[in-house]
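# Fold and geometry: a report
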Amino acid sequence: MSELIDGERLWGRLMAMAEIGATAAGGSNRQALSDDDQAGRDLFLGWVTAAGCTVDTDAVGNLFATRAGTDPDARPVVLGSHLDTQPTGGRFDGVYGVLGGLEVIESLNDRAVATKAPIRVAVWTNEEGSRFPVSMMGSAVWAGALDLEVARALTDVDGIAVGAELDRLGWAGALPFGHDLGAYLELHIEQGPVLEDSGSEIGIVTGVQGFRWMTLAVSGEPAHAGPTPMHLRRDPSRAVAEILTGLYEISDRYAPEARVTPAQFVSLPQSPNTVPAEIRFSIDFRNPDGELLDQMENRVRSLIASAAGANGCEFELRLDNVSPPVVFDAGCVAAVDTAAAESGLTSERMVSGAGHDACNVARHNPAAMIFIPCRDGISHNELESIEPEAAAAGVEVLYRSALSLANG
Ligand SMILES: [Zn+2]
């Protein structure tokens, strides 16, 4: 266990937070702007207040707890993530980054260490986007990527709006959306299997994959499965077979970072003895490099056109969603790298496959992320699990990184 931070205090608080909205299967259900989300924040507020922090919120309810620095002009080093969960969420997604930030402040207090810049813990509102369907909502509003009024107008399935809940809970504060951070670090469970597979204790996250979602419909001519010879068919299944093979060739060509995921297949009509009239499916493809993502899209488009044409089929291709890659700040990444080495931990540089609040913060401020392994790579699942030693190790890296950035 780390000597710099108190791993038992950290673990006790993770378990205490998990009791709020605890589910029968061992997870947590604290959906954004619910009474349980409020109860989670109240628990957190008790801890940060006792630790001597001052607390502010902005108009979208993002919560900031600040430990003062010695230089009144120094820009804060912010450590953050989220306390809201999926409806059948785990105990660590988001929560770990928030309570890890708090543990850094507690450990600085324990050792009576002053920092030049303030250390601030951020709790972003509605990261999950499950109750109100925009993920990373609070940080997007903060970063100016989402209009406050658009966010306030989002409703849940019962028609209750974000704005009404912010007002009911009294979360909307007066803190300006100031983009004046010295650095932002987000500590998070990996939510994937890479670290567990490689055996590395720490993931030094250099950026976040960009992605594009497409919907493809390939249409041919419906025909009787018996009398129609193969060479006289306009068979969308055959075109789709070529497209699928080609998609995996594209993922191989751009390996190991590229991801290609065809899914949501629908064939019409639903008949076993008719050549389909149409096959529709989605294609999700990802790459951490924007230029390579463009190349992948060009290859996907020409693959589809040639496979459809070769089989006498027509196609319609729609681009549904675009998310550009994020490249984190080299100075923040280097600080994490050094901190991991100083902690004596094995580490590797990696790219996040999932979006995080750090993506929004990185629009205006130097940012990076730290990952620790989670069991079987499982997340967004009540079975999400991490080891107490791994949790402490990640916070030690956060502590060292924050200290160097706050005094740098
Ligand atoms: Zn998260």
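Thresholds applied
Residues numbered from 1 in each chain as written. Predicted model: local features only at pLDDT ≥ 70, side-chain atom pairs only at ≥ 80, totals over all residues. Heavy atoms only, no water. Axes fitted to C-alpha atoms, helices over the stretch in contact; angles between N-to-C directions. Helix = DSSP H or I, 4+ residues; strand = E, 2+ residues; numbered from the N terminus. Parallel < 35°, antiparallel > 145°, perpendicular 65-115°, else oblique. Left-handed = near helix turned anticlockwise from the far one by under 90°. Contact = heavy atoms within 4.5 Å. Donors = N, O, S within 2.8 Å, 3.2 Å for Na, K, Ca; no water. Buried < 20%, exposed > 50% of the residue type's maximum accessible area, 1.4 Å probe, protein only. Pairing = 2+ DSSP bridges. Phe/Tyr/Trp six-rings, centres within 6.5 Å; stacked < 30°, edge-to-face > 60°. Lys NZ or Arg CZ within 6 Å of the ring centre and 35° of its normal. Salt bridge = Lys/Arg side-chain N within 4 Å of Asp/Glu carboxyl O. Domains from an automatic or database assignment. Buried area = accessible area lost by both parts, 1.4 Å probe.

## Some words on the packing of helix α10 (residues 330–342) against helix α12 (residues 388–407)
- Interaxial distance between α10 and α12 falls to 8 Å at its minimum, and their mutual angle equals 130°. When the axes of α10 and α12 are compared, the pair comes out oblique. As α10 runs across α12, the sense of the crossing is right-handed. The segment α10 lies against α12, with Cys 332, Ala 335, Val 336, Ala 339, Ala 340 and Glu 342 engaging Val 397, Arg 400, Ser 401, Ser 404 and Leu 405.

## Side note on the coordination of the zinc ion
- Within the protein, the atoms that donate to the zinc ion are His 82 (NE2), Asp 93 (OD) and His 188 (NE2), at distances of 2.0 to 2.2 Å.
- Taken in sequence order, the residues that donate to the zinc ion follow the motif H-x10-D-x94-H. On the criterion of sequence distance, the pair formed by His 82 in the loop between β3 (77–81) and α3 (95–110) and His 188 in strand β5 (residues 183–189) is long-range, its members being 106 residues apart.
- Taking relative accessible area as the criterion, His 82 reaches 0% and is therefore assigned buried.

## Observations regarding the sheet that holds strand β12 (residues 314–323)
- The strand order β9-β11-β7-β12 describes an open sheet built from four strands, whose pairing is antiparallel. At either end of the open sheet lies a strand with only one pairing partner, and these are β9 (259–268) and β12. This sheet shows a mean twist of 15° between the axes of neighbouring strands, independent of strand direction.
- Inspection of the sheet shows β9 paired to strand β11 (residues 278–287) by eight bridges, in the antiparallel sense. In the sheet register, Val 260 faces β11, and the bridge partner there is Phe 285.

## Re the packing of aromatic side chains
- Tallying each qualifying case throughout the model produces six aromatic pairs.
- Both rings, one in Trp 124 and one in Trp 142, keep their centres 5.4 Å apart while their planes meet at 65°; by these two values the pair is edge-to-face. Placement of the pair is Trp 124 in the loop between β4 (119–123) and α4 (137–142) and Trp 142 in helix α4, with a sequence separation of 18 residues.
- In this structure an aromatic cluster arises from ring pairing among Phe 64, Trp 124, Trp 142 and Tyr 184.
- Directly above the ring of Trp 171 sits Arg 41, whose terminal nitrogen or CZ lies 3.6 Å from the centroid.

## Overview of the pattern of salt bridges
- Enumeration according to the criterion identifies 18 salt bridges in this entry.
- Where Asp 110 meets Arg 9, a salt bridge forms, and the shortest distance between an N and an O atom there is 2.9 Å. Taken together, the residues span a long stretch of sequence, with Asp 110 in helix α3 and Arg 9 in helix α1 (residues 7–18) at a distance of 101 residues.
- Taking the relative accessible area as the measure of exposure, Asp 110 reaches 53% and is therefore exposed.
- Among the ionic pairs, Glu 106 bridges to Arg 13, the shortest N-O distance being 2.9 Å. With Glu 106 in helix α3 and Arg 13 in helix α1, this residue pair connects regions lying 93 residues apart in the sequence.

## Details of the domain arrangement of the protein chain
- Examined at the domain level, the protein chain breaks down into domain 1 (7–208 + 325–407) and domain 2 (210–323).
- Each of domain 1 and domain 2 has a C-alpha centre, and the two are 38 Å apart.
- Listed per partner, the contact involves four residues of domain 1 and nine residues of domain 2.
- Of the roughly 400 Å² buried between domain 1 and domain 2 on both sides combined, carbon and sulfur atoms contribute 59%.

## Looking at the pairing of β4
- Among the five residues in β4, four count as buried, and that is most of the element.
- Here β3 runs beside β4; their pairing, made up of five bridges, is parallel. By the bridge assignment for β4, Gly 80 is matched with Ala 122.

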